[in-house]
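Results of the structural survey
Read off the chains here:
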Amino acid sequence: MSGKRTLIDLSPREATAAREIAFRYGNRPDALLEILHDLQEELGFIPEAALPALAKALNLSRAEVHGVVTFYHDYRREPAGRHVIKVCRAEACQSMKGNELVAMIERFLQVKLGQTTADGAITVEAVYCLGNCALSPAIMVDGKLVGRVDPAKFEKIVAECRA
């Protein structure tokens, strides 16, 4: 051997998890989305080291797997914070002061959408409709829908997340 190390060599846990999940789906390339969801559920994100392992298991190119991971915004390329807050950016929420809420959130947490707070407690993500238009502006906190969010309500939610 040449002594070179690949991403798979550097991250056996991630590559092993990717191969095991792909195997559960019969190594079917048409199950890539489900495989990626399961991998993210297990590891908390889709690590770079998993891409070549998935590509090989599914008989796809690494570029094909990479393209799917980067196309869909629900797949994380880095670990999220302990809590994930998704902020609706759709028109109904924007019309109900959603843009002002986003600006307040970014100032209050000192992060931009798509980032994690310095303490690792909260990741804030943009989503483009939570289906809660009647209660705009809406957010989702760790999978729980919250409507009519204003700055005071948001600050209370953050305090609960950090408790």
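A few points on the structure. Every residue gets a number counted from 1 within its own chain, in the order that chain's sequence is written. Side-chain atom pairs in this predicted model are given and counted only at pLDDT of 80 or more, local residue features only at pLDDT of at least 70, and totals for whole chains, interfaces and linings cover all residues. Think of the side-chain values as coming from all heavy atoms in the structure, minus any hydrogens and water.

1. Regarding the environment of His83
Under the scheme used here, helices are H or I runs from DSSP no shorter than 4 residues and strands are E runs no shorter than 2 residues, and both carry numbers assigned from the N terminus. Checked against the element boundaries, His83 lands in strand S1 (residues 83-88). Expressed as a C-alpha distance, the spacing of His83 and Tyr72, which sit eleven residues apart in the sequence, is 20 Å. What qualifies as a polar contact is a pair of N or O atoms within 3.5 Å, subject to a donor-acceptor requirement within protein and to the restriction that residues adjacent in sequence count only when both atoms come from side chains. A polar atom in the side chain of His83 sits 2.6 Å from the side chain of Asp142.

2. Examining the pattern of salt bridges
When a carboxyl oxygen of Asp or Glu lies within 4 Å of a side-chain nitrogen of Lys or Arg, that pair is called a salt bridge. Tallied over the entire structure, the rule returns eight salt bridges. In this structure, Asp74 engages Lys86 in a salt bridge whose closest nitrogen and oxygen atoms are separated by 3.8 Å. Of this pair, Asp74 sits in the loop between helix H5 (62-71) and S1 while Lys86 is found in strand S1, placing the two residues twelve residues apart along the sequence. Judged by its relative accessible area of 38%, Asp74 falls in the partly exposed class. Where salt bridges share partners, they join Glu48, Arg62 and Arg77 into one cluster. Partly exposed describes any residue whose relative accessible area lies between the buried limit of under 20% and the exposed limit of over 50%, with all areas from a 1.4 Å probe on protein chains only and scaled to the type maximum.

3. Details of the sheet that holds strand S4 (residues 144-146)
Strand pairing requires that DSSP identify at least two bridges connecting the strands. If you trace the four strands from one edge of the open sheet to the other, you get S2-S1-S3-S4, paired in mixed fashion. On the outer flanks of this sheet lie strand S2 (122-127) and S4, each paired with one strand and no other. Sheet twist, expressed as the mean angle between neighbouring strand axes with direction ignored, is 25°. Pairing geometry for S1 and strand S3 (residues 139-141), over three bridges, is antiparallel. Pairing of Ile85 across the sheet is with Val141, part of S3. Against the sheet, helix H7 (residues 151-162) touches S1, S2, S3 and S4, its axis set at about 15° to S3. Throughout, an axis means a line fitted to C-alpha atoms (over the contacting stretch in the case of helices), and angles, computed between N-to-C directions, take values from 0 to 180 degrees. Any two residues having at least one pair of non-hydrogen atoms within 4.5 Å are treated as being in contact.

4. Considering the packing of helix H4 (residues 50-58) against H5
The axes of two packed helices give the description: the angle between them and the distance between them. Across the interface, H4 lies against H5 with an axial gap of 8 Å and an inter-helix angle of 120°. As summarised for this structure, H4 and H5 are arranged oblique, according to the angle between their axes. For the element pair H4 and H5, the recorded crossing hand is right-handed. For the pair H4 and H5, contact is made by Leu51, Pro52, Leu54 and Ala55 and by Arg62, Val65, His66 and Val69, respectively. Here roughly perpendicular refers to angles of 65 to 115 degrees, roughly parallel to angles under 35, roughly antiparallel to angles over 145, and oblique to all remaining angles. The sense of a crossing depends on the near helix, which, turned anticlockwise from the far helix by less than a right angle, makes the crossing left-handed and, turned clockwise, makes it right-handed.

5. Topic: the nonpolar core
The criterion is simple. A nonpolar core is a set of buried Ala, Val, Leu, Ile, Met, Phe, Trp, Tyr and Cys residues joined through side-chain atoms within 4.5 Å. Counting 22 residues, the largest nonpolar core has Ile35, Leu36, Leu39, Ile46, Leu54, Val65 and Val69 as its most contacted members. Dropping the residues within four chain positions of it, Val69 is found in contact with Leu36, Ile46, Leu51, Tyr75 and Arg77. Met104, Ile139, Phe154 and Ile157 belong to the second-largest nonpolar core, a separate cluster that totals 19 residues.

Without other data, these values stay purely geometric and don't point to any function.
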